[in-house]
Amino acid sequence: MRIIPAIDIIEGKCVRLSKGDYSTKKIYNENPLEVAKSFENHGITHLHLVDLDGAKSNRIINYKVLEQIASNTSLKIDFGGGLKSNEDVKIAFNSGAQQITGGSIAVKNPSLFKKWIKEFGSNRIILGADVNNKKIAVSGWLEESNEAVIPFIQKYENEGISYVICTDIAKDGMLQGPSFELYKEILQTVPSIKLIASGGISTFEELPKLAALGCEGTIIGKAIYEGRITLKQLESYIIN
């Protein structure tokens, strides 16, 4: 199972929110590149980079941070947050993203999202399935849609999507453990997808459990920044 640390960006700084609430913002580092390099130095190969300003503004904002990390590390970066147009996606890829994640766009403008899947290929486009009470949430989690998560994933699997990041909003940033039952249900229903677990990871012991469920990767954020999971532990997990 791939270990994918998260860097969330507001005004160029590395921050974390709780349950996606911007009023809970906590700044962990003024220099995201420094954080990314520390990940790389511990054997991490992938990074989940989220433009929280972009998610609020409905357009890419912090692409310079992406550019900086991509050009100064060898991390494979998936980038999300506010990608709403062809121009946004091109900027993200030109700035060094290996993959981009589309969440709200897949709900609000499915024809454009399907066009991206065809144009860039299913290895480069990740479906962001952000969930609240098993319903997909959009617009930086400020709105809930009527889309139920499993049919939503199945619909896009039929369009060729293979990577899905599923974040349970109720768990995100709360350090209370991930949604094991939700991931189990998704993988039993749609076994062919590469499911990346996100939200709530709080201890190192949760990682083998997610791997045993069949998760292809897991995104870890606050647990690293709060010292609940150390980079040394992740390094040993990757090596073994």
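A few points on the structure. (Residues numbered from 1 in each chain as written. Predicted model: local features only at pLDDT ≥ 70, side-chain atom pairs only at ≥ 80, totals over all residues. Heavy atoms only, no water.)

**Section: the pattern of salt bridges**
Okay, so step 1: Scanning the entire structure with this criterion turns up 11 salt bridges.
Okay, so step 2: Across the pair Arg2 and Glu216 runs a salt bridge, and its minimum N-O distance is 2.8 Å. On the criterion of sequence distance, the pair formed by Arg2 in strand S1 (residues 2-10) and Glu216 in the loop between helix H9 (206-213) and strand S12 (217-220) is long-range, its members being 214 residues apart.
Okay, so step 3: Two residues, Glu147 and Lys155, come together in a salt bridge whose shortest N-O distance is 3.1 Å.
Okay, so step 4: Of the residues examined, Lys155 reaches a relative accessible area of 31% and is grouped as partly exposed.
Okay, so step 5: A single network of salt bridges, built from pairs that share partners, joins Lys114, Lys118 and Glu159. (Salt bridge = Lys/Arg side-chain N within 4 Å of Asp/Glu carboxyl O. Helix = DSSP H or I, 4+ residues; strand = E, 2+ residues; numbered from the N terminus. Buried < 20%, exposed > 50% of the residue type's maximum accessible area, 1.4 Å probe, protein only.)

**Regarding the nonpolar core**
Okay, so step 1: Of all hydrophobic cores here, the largest spans 67 residues; its most connected members are Ile7, Ile69 and Phe113.
Okay, so step 2: With 5 residues, helix H7 (residues 149-157) is the single largest residue contributor to this core.
Okay, so step 3: Apart from residues lying up to four places away in sequence, Ile7 is in contact with Cys14, Pro32, Val35, Ala36, Phe39, Leu47, His48, Leu49, Val50, Ile69 and Tyr225. (Core = buried A, V, L, I, M, F, W, Y, C linked by side-chain atoms within 4.5 Å. Contact = heavy atoms within 4.5 Å.)

**Quick notes on the packing of aromatic side chains**
Okay, so step 1: Taken as a whole and assessed by the stated rule, the structure comprises 7 aromatic pairs.
Okay, so step 2: Relative to Tyr156, the ring of Phe152 has its centre 5.5 Å away and its plane inclined at 75°; by these criteria the two rings are edge-to-face. Placement of the pair is Phe152 and Tyr156 together in helix H7, with a separation of 4 residues, close to one helical turn. One exposure class covers both Phe152 and Tyr156, and it is buried.
Okay, so step 3: Taken together through their ring pairs, the aromatic side chains of Phe113, Trp116, Phe152 and Tyr156 make up a single cluster.
Okay, so step 4: Lying over the aromatic face of Tyr22, Lys56 brings its terminal NZ or CZ to 4.2 Å of the ring centre.
Okay, so step 5: Taking NZ or CZ as reference, Arg124 lies 3.9 Å from the ring centre of Phe93, over its face. (Phe/Tyr/Trp six-rings, centres within 6.5 Å; stacked < 30°, edge-to-face > 60°. Lys NZ or Arg CZ within 6 Å of the ring centre and 35° of its normal.)

**Focus on the packing of helix H8 (residues 180-189) against H9**
Okay, so step 1: With their axes 10 Å apart at the nearest point, H8 and H9 run at an angle of 20° to one another. Put simply, H8 runs roughly parallel to H9. Here H8 runs over H9; the crossing is right-handed. Between H8, through Phe180, Tyr183, Lys184 and Leu187, and H9, the contact on the second element is made entirely by Glu206, Lys209, Leu210 and Leu213.
Okay, so step 2: Split by residue class, the contact of H8 with H9 holds 5 nonpolar, no polar and 3 charged. (Axes fitted to C-alpha atoms, helices over the stretch in contact; angles between N-to-C directions. Parallel < 35°, antiparallel > 145°, perpendicular 65-115°, else oblique. Left-handed = near helix turned anticlockwise from the far one by under 90°. Nonpolar A, V, L, I, M, F, W, Y, C, P; charged D, E, K, R; others polar.)

**Focus: the environment of Asp172**
Okay, so step 1: By the secondary structure assignment, Asp172 is in the loop between strand S10 (163-168) and H8.
Okay, so step 2: Between the C-alpha atoms of Asp172 and Ser198, which are 26 residues apart in sequence, the distance is 7.5 Å.

**Notes on the side chain of Thr101**
Okay, so step 1: With respect to the helices and strands, the residue Thr101 is situated in strand S6 (residues 99-102).
Okay, so step 2: Judged by relative accessible area, Thr101 falls into the buried class, the value being 12%.
Okay, so step 3: Only 3.2 Å separates the side chain of Thr101 from the side chain of Asp78, close enough to count as a polar contact.
Okay, so step 4: Look past the residues within four positions of Thr101 in its chain and what remains in contact with it is Asp78, Phe79, Gly80, Leu83, Ile126, Leu127, Gly128 and Ile165. (Polar contact = N/O pair within 3.5 Å; in protein donor to acceptor, adjacent residues only side chain to side chain.)

**A word on the pairing of strand S2 (residues 13-18)**
Okay, so step 1: For S2, the tally of buried residues reaches 5 of 6 residues, placing the bulk of the element in the interior.
Okay, so step 2: The antiparallel pairing of S1 with S2 creates a hairpin that spans 2 residues between the two strands, and Glu11 there sits at a positive phi of about 50°.
Okay, so step 3: Pairing geometry for S2 and strand S3 (residues 21-29), over 4 bridges, is antiparallel. Following the sheet pairing, Val15 is matched in S3 by Ile27.
Okay, so step 4: Following S2, the chain reverses through 2 residues before pairing antiparallel with S3; Lys19 in that reversal takes a positive phi of roughly 55°. (Pairing = 2+ DSSP bridges.)

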